[in-house]
Each structure stands twice: as structure tokens, then as C-alpha cells.
Amino acid sequence: MIKKLLMIGFLLLGKLNYFNGCYQTTTIEFEGMQGTCYGTLLSKTSEVGSWSNGRVIEQDAPDNVLQFFRDYEDQDHYFFLNYIEDVSGGLLYWPYYPPEEFKVLLYFPETDTYLTTETSIKRYALTSKFKGVFEDGTIRLTRNYDYLKLFTNTLIRFVLGVLAAMLICMMMGKPLKKEMKYYLFPNMIFHLLLNIFISIFSYYNGFTLVEYFMFLWLPYLLVFGLQGYLYSKQTVTRSPWLCAFFSNLAAYCVGILMVDVLPGLFTIL
């Protein structure tokens, strides 16, 4: 039974990744970019979302630039998906349905030369950010994700969730000083695990109000039962189950407010 549920979960996650393609981005910041340059990502597959090797799309680029990309033949048989961007400022940004496995191709029309990555690169997150460095006639890419911001967002959500829950516990439960640990520790453990899960999920898929309403209520429902039981056994709270219910409801509502007003705390774009 558990194996079947895991298989269903992986299938749903795969579907979610597909539908989230319109939110996926690939960003590459090139160090030391000089002169006029146009760039693209060559895809391992001939079609990705609405992009296709066989579908010609109008591009805002000179004819000689367009001709170069359309005529270019990669030695590893990666495909040009008819997306070109002026990267003279050092930034290549693919806004939706970027190829999952790709090579970078840059063309310098002023000197009629080009550079490409020798090996393929795979996207690693919903918003996959890379740093590109020119060395030895090729391009080397390294991940450039803002992991510090991901950690900070997790910490902020954790603190606000615990504060919201504890405020209701203090107001309704009126715990004795020696009972505080029975309220504080369960809420800290739960919100820490919950927000680590949100960060991991958003790293790969993004996290919006849709995901919040779809499944985030479930862990709150489960922990409500555990906390209600703990409060009734370990404290003198008059209404332990109501205290557990409303404290979790408060934390859940604070989360709704955050994901709506401050979506940047959930998904790094």
C-alpha cells in the first residue's frame, strides 16, 4: 500500500513539474562579457513546451545572426529551439519552458565567432541560476542560486508561524511557567519541519496559494490531534483541544497572508 502511494506521489510530482514549466526559468550571468553578443540554449530534445526546433519564431535580431543560429550544427546533436536573446549586457534569461538538459551557444557577430559549452548542463531548480565564465575558448557554468535567501525565508516563516501559534496558546491555555515547554517545543518542531518541507518543495516546483490550499492543511490537521492530546495530558489547560485547534488555525492563516502578500518568502524568482 505504501509503495503504491509513493508511486502515485512521484507521478503527481512529475505532472506538477510539467505544468510548472511556464514558471520555470533559466538565468545565466556571464562574467567579462564584451562586445555585441547573442545567445541561446541548445536543447537535448527537439521540443520543450511551446519551443520547437521545427517551429520558426520571429526574433528581434539581425538576419546574419538568425542565419547563424539556424544553420549551426552541434557536434552532440543538441537542438536550436528558435529562441535567441541579446546577451551583450551579460545576462541570458529563458523565461518559460527552458530545456532541462542544454548547452550554451554564444555568437559574436562583430567578429563572426562563437563559443559553446563543451558538456551539457542540467537544470536543478524551478529558477535555475548559473554563473558563466569564459576560459580556454569555452564557457564554464556554475550554480548561482541564492541559498542564503532560501535559508532566511525558511527562518522567517518558521518564526512567524511559531509566534502566531504561541500567542493563541498563551491567550487560551494560560499555561503555568513549568508547562511552557509542552506548548513551545511541539510548535517549534512542527513548524521547523513544515517550513523545511515548503522550502524543498518550492526549490523544485514553486509554492503559491494553490499549493497552500491544496495540501498544506493536512499537516496542520494531523498536528492538531497530537497537540490536543499532549495538552490534555501534560497541562491544566481548560480547553486543550480548542487551544490546539485555534493555535494551528492562527498559524495557518498567518501563512495564507504571507504567501499572498509576500510570495517572495515562499518562492525565489
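Just so we're clear, the structure is a prediction, and the values are computed from it rather than from any experiment.

**Q** So what about the packing of aromatic side chains? Which residues, and what values?
**A** Under the defined criterion, the tally for this structure stands at 36 aromatic pairs. With a centroid separation of 5.3 Å and 80° between ring planes, the pair formed by Phe68 and Phe69 is classed as edge-to-face. An aromatic cluster of three or more residues is present, and its members are Phe190, Phe197, Phe201, Phe207, Tyr212, Phe213, Phe215, Tyr220, Tyr252 and Phe266. Stacked on the ring of Tyr78, the Lys or Arg Lys103 has its end atom at 5.7 Å from the ring centre. Looking at Arg157, its charged tip hangs above the ring of Phe266, at a distance of 5.1 Å from the centre.

**Q** Any chance you could break down the sheet that holds strand 1 (residues 25-31) for me, citing the residues and the numbers?
**A** Pairing is mixed in the open sheet, where 4 strands are placed in the order 7-1-11-12. Only two strands of the sheet have a single neighbouring strand rather than two, namely strand 7 (91-94) and strand 12 (138-143). Neighbour-to-neighbour, the strand axes of the sheet open up by a mean angle of 25°, direction not taken into account. Judged from the 4 bridges that link them, strand 1 and strand 7 form a sheet pairing that is antiparallel. Bridging from a neighbouring strand, Thr27 pairs with Tyr93 of strand 7.

**Q** So, the packing of helix 3 (residues 147-173) against helix 7 (residues 240-261): which residues are in play, and what are the values?
**A** Look at helix 3 against helix 7: their axes get within 8 Å of each other, and the N-to-C directions meet at 145°. Classified by chirality, the crossing of helix 7 by helix 3 is right-handed. Together, Arg157, Leu160, Gly161, Ala164, Ala165, Ile168, Cys169, Met172 and Gly173 of helix 3 and Leu242, Cys243, Phe246, Ser247, Ala250, Ala251, Val254 and Met258 of helix 7 make up the contact between the two elements.

**Q** Account for the pattern of salt bridges, naming residues and giving values.
**A** Opposite charge on two side chains permits pairing when their charged atoms draw close. Following the criterion strictly, the structure yields 6 salt bridges and no others. Glu101 serves as the salt-bridge partner of Lys44, at 3.6 Å between the closest nitrogen and oxygen. Of this pair, Lys44 sits in the loop between strand 2 (38-43) and strand 3 (47-48) while Glu101 sits in strand 8 (residues 101-108), and the two are 57 residues apart along the sequence. Exposure remark for Lys44: the relative accessible area of 47% places this residue in the partly exposed category. We classify Glu101 as buried; its relative accessible area is 17%. A cluster of three or more residues bridged by salt bridges with shared partners is formed by Asp74, Asp76 and Lys103.

What counts, and where the lines are drawn
- Residues numbered from 1 in each chain as written.
- Predicted model: local features only at pLDDT ≥ 70, side-chain atom pairs only at ≥ 80, totals over all residues.
- Heavy atoms only, no water.
- Phe/Tyr/Trp six-rings, centres within 6.5 Å; stacked < 30°, edge-to-face > 60°.
- Lys NZ or Arg CZ within 6 Å of the ring centre and 35° of its normal.
- Pairing = 2+ DSSP bridges.
- Helix = DSSP H or I, 4+ residues; strand = E, 2+ residues; numbered from the N terminus.
- Axes fitted to C-alpha atoms, helices over the stretch in contact; angles between N-to-C directions.
- Left-handed = near helix turned anticlockwise from the far one by under 90°.
- Contact = heavy atoms within 4.5 Å.
- Salt bridge = Lys/Arg side-chain N within 4 Å of Asp/Glu carboxyl O.
- Buried < 20%, exposed > 50% of the residue type's maximum accessible area, 1.4 Å probe, protein only.

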